[in-house]
Structure formats: C-alpha cells, structure tokens
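Here are the chains, one letter per residue:
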Amino acid sequence: MSVRRTLAWAGIAAAALAAAGASSAEDLAAAKEKARACFACHGEGGISRAPETPSLAGQPDNFIQWQLVYFRSQTRKVEVMNAIASALSDADIRGLGAYLSSLPPPQPPGEPDDRPELTRAGAELARRNHCASCHTERFVGQGAIARLANQQERYLLKALRDFKSGVRRGGGVAAMPDAVYPLGDDDLRALAHYLARFR
Ligand code: HEC
Ligand code: HEC
C-alpha cells in the first residue's frame, strides 16, 4: 500500500474512532486494567521516569487515540509500539484515550534549571515559531495536538528530530514537519529544554 493510501486509511480509521464518541463505562474499566501493562514503560500513573519514553498522563484523548491508530497501521514506525498497538481493538483505543487523558499530568522537575540560558532561548524560539498557536498558551495540547508541558526532555528532542528527518509521520497535514523545517539542532535542544521545564 502506498504511503498516501496508508495515511488515508489511518485517517478514516481515526475519524471512525472520533465519530464513535465517548467510551462506555465498561471500556473505561477495561482500559484501566489494560493500562497497567503500559505503565511498565510509561511509568506509574502514566508519568514516565525513562528519558526516551513519553509520559501519557494528561495527553488529550484524541491525540492518544490517533497515535495508537498510527502505531497500529504502522504509519508511525516504532517497533515496540507497533507490536503493542497491533493487539488493540478500536474499543481498547477509545478506552485508553479516555482513561489516560483523565490522569493528572506530569509536573515541572523539582531540581533547579541547570541551563537557564537554554530555557530563555527555547522560550524565544517557541514565541517566534508560534508553537502555542496549535499547542495552546500553556502547552497542554488540544484535540489531536500533543501536550508538551513537562514531557521528558530527551523524548521531546527525539520527537522534534524525528519530524525534522521525516522518520515520524502522523496526521495527513504536515503541521510538525513544517514547524521544524526552519530550525537547526541547537534550536530543537533549546525548545525541548524549555518545554520540559515549562511553568
Ligand atoms: C516496552 C515498553 C512500552 C510499553 C509496554 C508501552 N509503550 Fe507506548 N511507547 C514506548 C516508547 C519507547 C514510546 C516512544 C516512541 C518514540 O520514540 O517515538 C512510546 C510511545 C507511545 C505513545 C505516543 C506518545 C507521544 O507522546 O507521542 C503512546 C500514545 C503510547 N506509547 C501508548 C501506549 C499504551 C496505551 C500502552 C499499553 C497498551 C503502551 N504505550 C505500552 C514504549 C512502551
Ligand atoms: C499548525 C499546528 C502546529 C504548530 C504550529 C506546531 N505544532 Fe507541534 N504538533 C502538532 C500536531 C498536530 C502534533 C501531533 C502530530 C502527529 O499526530 O504526528 C504535534 C506534535 C508535536 C510534538 C510531539 C509530541 C509527542 O508527545 O509526541 C512535539 C514535540 C511538538 N509538536 C513540538 C512543537 C514545537 C516545539 C512547535 C514550534 C516550533 C510546534 N510543535 C508547532 C501541531 C503543531
């Protein structure tokens, strides 16, 4: 199947998920049980302690559902998540989206900022590149757009590099490849540092 057709199918699948609306109480209870396996990597309560594994707690419901659909269709290629998502039904995905989005989000790191100049550079880059216009003023995300605030710094940097190199494909619209196109690697580092510490 061509990339274009794969993207089109992923879009249809995700639209069907969204159209199905809120998950039932049973879906939610089943998701809570299923999520325990996810927490082995993504951290207790969906708060990650592993630098290259993202926190899931507090991510928008739709963002989680779309990413699981992209993993399941292999539109987004990450071996471990492709294998896990291949075993999820549409009902599982709806339930996981509802449950994980309801968990309290990660907090800013407790220790003092070791590189305040990098934080300032990141804040300026985020302002000039209008990151908040999609990710919202507090970077909590909305709809299919990710929460960025207090995400693992190394994961944020990996995600930005993956968009930049074209390794990561997601939504049919090229919002993120366009956003990172003008940025250099030092810019990506500064943005990741700033967003991981956002207050
Ligand atoms: C063996 C470890 C492991 C397990 C178990 C696991 N994940 Fe993941 N997951 C990862 C890693 C690593 C990534 C980051 C992928 C990347 O580098 O782009 C990820 C990424 C994700 C993302 C994308 C998040 C984002 O911010 O882009 C979602 C959503 C997700 N996982 C959901 C789940 C769910 C739901 C489960 C349980 C059903 C689960 N994961 C189980 C390792 C795991
Ligand atoms: C036009 C809207 C838009 C703009 C502007 C935008 N983003 Fe995004 N961003 C998105 C969407 C949509 C996604 C989810 C992409 C996907 O589904 O693959 C995303 C995903 C991300 C992710 C991955 C998060 C995760 O957990 O996997 C990061 C990091 C990110 N954006 C950072 C930024 C930064 C930094 C900027 C500014 C330089 C920015 N974005 C500007 C729409 C946007």
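Residues numbered from 1 in each chain as written. Chains lettered and ligands numbered in written order. Predicted model: local features only at pLDDT ≥ 70, side-chain atom pairs only at ≥ 80, totals over all residues. Heavy atoms only, no water.

## Considering the site of ligand 2
What counts, and what does not: Residues are labelled near a given molecule or strand when at least one of their non-hydrogen atoms is within 4 Å of it. For the purposes of these results, a polar contact is taken to be a pair of N or O atoms within 3.5 Å, where, inside protein, one atom must be able to donate a hydrogen and its partner to accept one; residues adjacent in sequence count only when each atom of the pair is a side-chain atom. In this description a helix means any DSSP run of H or I spanning at least four residues, a strand means any run of E spanning at least two, and both kinds are numbered starting from the N terminus. Residue ranges assigned to each domain were obtained from an automatic or database domain assignment.
Residues in contact with ligand 2 amount to 25 residues; listed here are only the nearest, Gln67, Cys131, Cys134, His135 and Met176. Between ligand 2 and the protein, one listed contact pairs a nitrogen atom with a side-chain N or O atom of His135 at 2.8 Å. Between Tyr155 and ligand 2, the recorded distance is 3.0 Å, taken from a side-chain N or O atom to an oxygen atom. When contributions to the shell around ligand 2 are tallied by element, the ones reaching two or more residues are α3 (61–72), α7 (132–135), α8 (153–165) and α9 (175–180). Among the elements that line the shell around ligand 2, the one with the most residues is α8, at 4 residues. Viewed by domain, the shell around ligand 2 spans two of them, domain 1 (3–101) and domain 2 (116–196), each represented by three or more residues.

## Regarding the site of ligand 1
Note the threshold: Each residue gets one label: Ala, Val, Leu, Ile, Met, Phe, Trp, Tyr, Cys and Pro are nonpolar, Asp, Glu, Lys and Arg are charged, and the others, such as Gly, are polar.
Near ligand 1, the surroundings consist of 20 residues, among which Cys38, Cys41, His42, Met81 and Lys158 are the closest. The side chain of Lys158 places a nitrogen or oxygen atom 2.7 Å from an oxygen atom of ligand 1. Those elements giving two or more residues to the shell around ligand 1 turn out to be α2 (25–42), α3, α4 (79–86) and α8. Considered class by class, the residues forming the shell around ligand 1 number 14 nonpolar, 3 polar and 3 charged. Both domain 1 (3–101) and domain 2 (116–196) contribute no fewer than three residues apiece to the shell around ligand 1.

## Some points on the side chain of Thr136
Our working definition: Note on classification: 1.4 Å probe, protein chains only; a residue is buried when its accessible area is under 20% of the maximum for its type, exposed when over 50%, partly exposed between these limits. Residue contacts follow a heavy-atom distance rule, with two residues in contact if any of their heavy atoms lie within 4.5 Å.
Within the secondary structure, Thr136 sits in the loop between α7 and α8. Classification of Thr136 by relative accessible area gives buried; the value is 17%. In this structure Thr136 touches Gly141 and Gln142, once residues within four positions along its chain are discounted.

## Considering the confidence of the model for the protein
Put simply, the rule is: Each residue carries a pLDDT score, the predictor's own confidence in it, on a scale running from 0 to 100.
Summarising the model, the protein shows a mean pLDDT of 89, and 87% of its residues fall at 70 or more. Contacts from residues 1–13, a stretch scored under 50 in pLDDT, to residues over four places away or in other chains number 12 contacts.

## Thoughts on the side chain of Asn150
Within the element layout of this structure, Asn150 appears in the loop between α7 and α8. Using a relative accessible area of 11% as the deciding quantity, one classes Asn150 as buried. From its side chain, Asn150 meets the backbone oxygen of Ala196 in a polar contact 3.2 Å long. Aside from chain neighbours lying at most four places away, what touches Asn150 is Pro106, Gln107, Pro108, Leu195, Ala196, Arg197 and Phe198.

## Overview of the coordination of the iron atom of ligand 1
Think of it this way: four donors in a tetrahedron around the metal ideally sit 109.5 degrees apart, and six in an octahedron ideally sit 90 or 180 degrees apart. The line we're drawing: Sites may look incomplete because water is not among the atoms; the donors themselves are N, O and S atoms within 2.8 Å of the metal, or within 3.2 Å for Na, K and Ca. Metal sites are grouped by the angles between bound donors: all angles between 85 and 135 degrees with four donors is tetrahedral, opposite donors over 155 degrees apart with the others between 65 and 115 is square planar for four donors and octahedral for six, and any other pattern is irregular.
Every protein donor of the iron atom of ligand 1 is listed here as His42 (NE2) and Met81 (SD), and their distances to the metal cover 2.0 to 2.3 Å. Around the iron atom of ligand 1, the 6 donor atoms sit at angles spanning 86 to 177°, and that spread fits a shape best called octahedral. Of this pair, His42 sits in helix α2 while Met81 is found in helix α4, placing the two residues 39 residues apart along the sequence. Accessibility classification places His42 together with Met81 in one group, the buried group.

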